[in-house]
Amino acid sequence: MSQANEAHSALSEEDLMIQDTLSMTDEERLDLLVSLMVDRMIADDTSGGEVYARIVGSQP
C-alpha cells in the first residue's frame, strides 16, 4: 500500500472512531474515559511510575 493510501486509510479510521465517539451516550463516553485513564495508570505503574511521581511532586 502506498503512503498516500495508508494515510487516507488512517484518516478514514480516525473519522470512524470520531463518529463512533460522537454517537455514544454520556455514560458510554464516561466509561471510555475511565478505561483510558486506568490503562494509562497501569502503563505508568509498569514503567516505573513517572507520571504518578510528577503528580505527587516527587519529580520536577
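Residues numbered from 1 in each chain as written. Predicted model: local features only at pLDDT ≥ 70, side-chain atom pairs only at ≥ 80, totals over all residues. Heavy atoms only, no water.

Peer 1: Honestly, the overall build of the protein in this entry has me stumped. Any pointers?
Peer 2: Broken down by element type, the protein carries 3 helices and 0 strands. For the protein, the α and β elements follow one another from N to C terminus as α-α-α. Of all 60 residues assigned to the protein, the portion counted as buried reaches 5%. Counting every atom, the protein has about 5400 Å² of accessible surface; 59% of that belongs to carbon and sulfur. (Helix = DSSP H or I, 4+ residues; strand = E, 2+ residues; numbered from the N terminus. Buried < 20%, exposed > 50% of the residue type's maximum accessible area, 1.4 Å probe, protein only. Areas by Shrake-Rupley, 256 points an atom, 1.4 Å probe, with all protein chains shown as cover.)

Peer 1: I tried to follow the side chain of Asp44 on my own but got confused; where do I start?
Peer 2: Here Asp44 shows up in helix 2 (residues 26-46). Here Asp44 occupies a buried position and makes no salt bridge, while the nearest side chain of opposite charge, Arg40, is found at 4.6 Å. Here Val51 takes part through its backbone nitrogen, which lies 2.8 Å from a polar atom of the side chain of Asp44. Beyond its immediate chain neighbours, meaning those up to four positions away, Asp44 contacts Gly49, Glu50, Val51 and Tyr52. (Lys, Arg positive; Asp, Glu negative; His and termini not counted. Salt bridge = Lys/Arg side-chain N within 4 Å of Asp/Glu carboxyl O. Polar contact = N/O pair within 3.5 Å; in protein donor to acceptor, adjacent residues only side chain to side chain. Contact = heavy atoms within 4.5 Å.)

Peer 1: Looking at this model, I keep getting lost on a nonpolar patch on the surface. Mind explaining?
Peer 2: Judged by side-chain polarity, Leu30, Leu33, Val34, Met37, Val38, Met41 and Ile42 come together as a nonpolar surface patch covering roughly 660 Å² of accessible area. Considering the arrangement of structural elements, one finds Met37 in helix 2. (Patch = residues over 30% accessible without salt bridge, like charges linked within 9 Å, V, L, I, M, F, W, Y side chains within 5 Å.)

Peer 1: Please clarify how the confidence of the model for the protein should be interpreted in this entry.
Peer 2: For any part of a model where pLDDT is low, the fine detail of the predicted coordinates should not be relied upon. Averaged over the protein, the pLDDT score is 84; the fraction of residues at 70 or greater is 78%. Mean pLDDT across the elements of the protein ranges from a minimum in helix 1 (residues 3-22), with 75, to a maximum in helix 2, with 94. (pLDDT = per-residue confidence, 0-100.)

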